[in-house]
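As a plain string of letters, each chain reads:
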Amino acid sequence: MRNVYLDYSATTPVKEEVLQEMIPYFTEKFGNPSSLYDKGLESKEAIDTARARIGKLINADPKEIFFTAGGTEADNWAVFGTADKLKEKGNHIITTKIEHHAMLHSCEFLEKQGYEVTYLGIGPDGRISLEELEAAITDKTILISVMMVNNEIGTVQPIKEIAAIAKAHKVLFHTDAVQALGNIPIDVKDLGVDMMSMSSHKIYGPKGEGALYIRKGLRISNYLHGGAQENSRRAGTENLTGIVGFGKAAELADIHFDEHVKHCSELRNYLVERVLNEIPDTHVNGTMDARHPGNANITFKYIEGESILLMLNYLGISVSTGSACSSKSLEPSHVLSALGVPVEMIHGTVRFTVGDFTTKEDIDYVVENLKNIVEKLRMLSPVNAQKGW
Ligand SMILES: *Cc1c(COP(=O)(O)O)cnc(C)c1O
């Protein structure tokens, strides 16, 4: 059976070059980076190389990169570290309804501690309104956090404009760039962001590794306490192999950026075009301009996305419904809800995300099978029989 993986926004395989770079650091080069002898220095140098590679990818000084155990920790640190640091100044945070749960649940936790959070909605294009953002700022606002690229619908936010508004009001600005990294150009200096979250396993690096960019001169409270690692900002013996892998993945993302974007967007557009043309009653959610190059979020009316997912899975095809985190619950996706998609249609939505190892043959295999599956499911669908949609 053919195996077709179309869930690159959930995670990606580690690239061979990345794995090869990591391997020696499991065995012969195992020194603790904090140790003062050569074996320790060798590990410390490997971490510095990785830091420089990630800095280069986003135009940051390596000293502004702080390694974390993934995108989730980076989001948590940015929110909790800012909330604690600025608690005398204010207790108000502005974010959006479409953030990843790493941000939403952190904000909900802070609400229980007495903080106030404004959750901005989005327009039909998936973007927040800059006027609404500016109007939400009060003299108690300490942080604005808006994700760069959404993980479900792939839409891109006007980050530079948001950063300018935050700066004009002297409010810190954080962005979750986990889905953006390697997929849209990022220059932290040009964008003017104060903090930015990244994750390794979404760019062909290992899982459980990430980083928070913190602009030079900005100090937020520490989140993990213990040793003096990461310039005394994030304690704990470094995940050496993870960091080395993340660094290599960042270097490859930088070198192959144009190629990657072209490859993904061509295949994504081919998938969208074929599905919309060959399967009736389908549409794409979110605008096709300013979108993650690999993302296609498609509603198949009158049927359940879960049923499509399971039938595709029988054929060796991996896709997701809504976001990976909510796929085990029947809660309709918070992102599609915010976009104004009716509940019945949310349940008929599938996210396809292509990546570097996807081929045109993969897409043909998926579309041919989708045509049959959708037709069968619609014949069985009571909703369709009643036309009570
Ligand atoms: C995957 C993801 C995260 C979480 O990153 P992990 O490294 O898996 O913890 C956060 N935000 C977004 C937008 C993501 O897609």
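Below is a short write-up of the structure. Everything numeric in this text was worked out from a predicted model, so none of it was measured.

### Overview of the sheet that holds strand β4 (residues 116-120)
Strand pairing in a sheet relies on backbone hydrogen bonds. The paired strands run either parallel or antiparallel. Here we have seven strands laid out as an open sheet, ordered β2-β8-β7-β6-β5-β3-β4, and mixed in their pairing. Of all strands in the sheet, those with a lone pairing partner are β2 (65-68) and β4, marking the two edges. On average, each strand axis in the sheet is inclined to that of its neighbour by 20°, with strand direction left out of account. Two elements, β2 and strand β8 (residues 210-214), share four bridges in a ladder whose sense is antiparallel. When the sheet's bridge partners are listed, Phe66 is paired in β8 with Leu212. Of the strands in this sheet, β5 (141-145) and β6 (172-176) touch helix α6 (residues 159-168), which is tilted by about 155° from β6.

### A word on the sheet that holds strand β12 (residues 349-353)
The strand order across the open sheet built from three strands is β9-β10-β12, with neighbouring strands paired in antiparallel fashion. Strands at the two margins of the open sheet, each flanked by one partner only, are β9 (282-284) and β12. Across the sheet, the mean angle separating the axes of adjacent strands is 25° when strand polarity is ignored. The sheet strands contacting helix α14 (residues 360-380) are β9, β10 (295-300) and β12, and the helix crosses β10 at an angle near 25°.

### Here's the deal with the site of the ligand
In the vicinity of the ligand there are 13 residues, among which Thr72, Asp176, Gln179, Ser199 and Lys202 approach most closely. A distance of 2.8 Å separates an oxygen atom of the ligand from a polar backbone atom of Gly71. One of the side-chain nitrogen or oxygen atoms of Ser199 is found 2.7 Å away from an oxygen atom of the ligand. Here the ligand has 380 Å² of accessible area as a free molecule, and 89% of this is covered by the chains. Looking at which element gives the most residues to the shell around the ligand, the answer is helix α3 (residues 71-85), with three residues. Across the shell around the ligand, the residue classes tally to two nonpolar, eight polar and three charged.

### So, the side chain of Ser9
Along the chain, the position of Ser9 falls in the loop between β1 (4-5) and α1 (16-22). Polar contacts involving the side chain of Ser9 include one to the side chain of Gln179, which spans 3.0 Å. Beyond its immediate sequence surroundings of up to four residues, Ser9 is in contact with Asn151, Gln179, Lys202, His292, Arg351 and Thr353.

Thresholds applied
Residues numbered from 1 in each chain as written. Predicted model: local features only at pLDDT ≥ 70, side-chain atom pairs only at ≥ 80, totals over all residues. Heavy atoms only, no water. Pairing = 2+ DSSP bridges. Helix = DSSP H or I, 4+ residues; strand = E, 2+ residues; numbered from the N terminus. Axes fitted to C-alpha atoms, helices over the stretch in contact; angles between N-to-C directions. Contact = heavy atoms within 4.5 Å. Near = heavy atom within 4 Å. Polar contact = N/O pair within 3.5 Å; in protein donor to acceptor, adjacent residues only side chain to side chain. Areas by Shrake-Rupley, 256 points an atom, 1.4 Å probe, with all protein chains shown as cover. Nonpolar A, V, L, I, M, F, W, Y, C, P; charged D, E, K, R; others polar.

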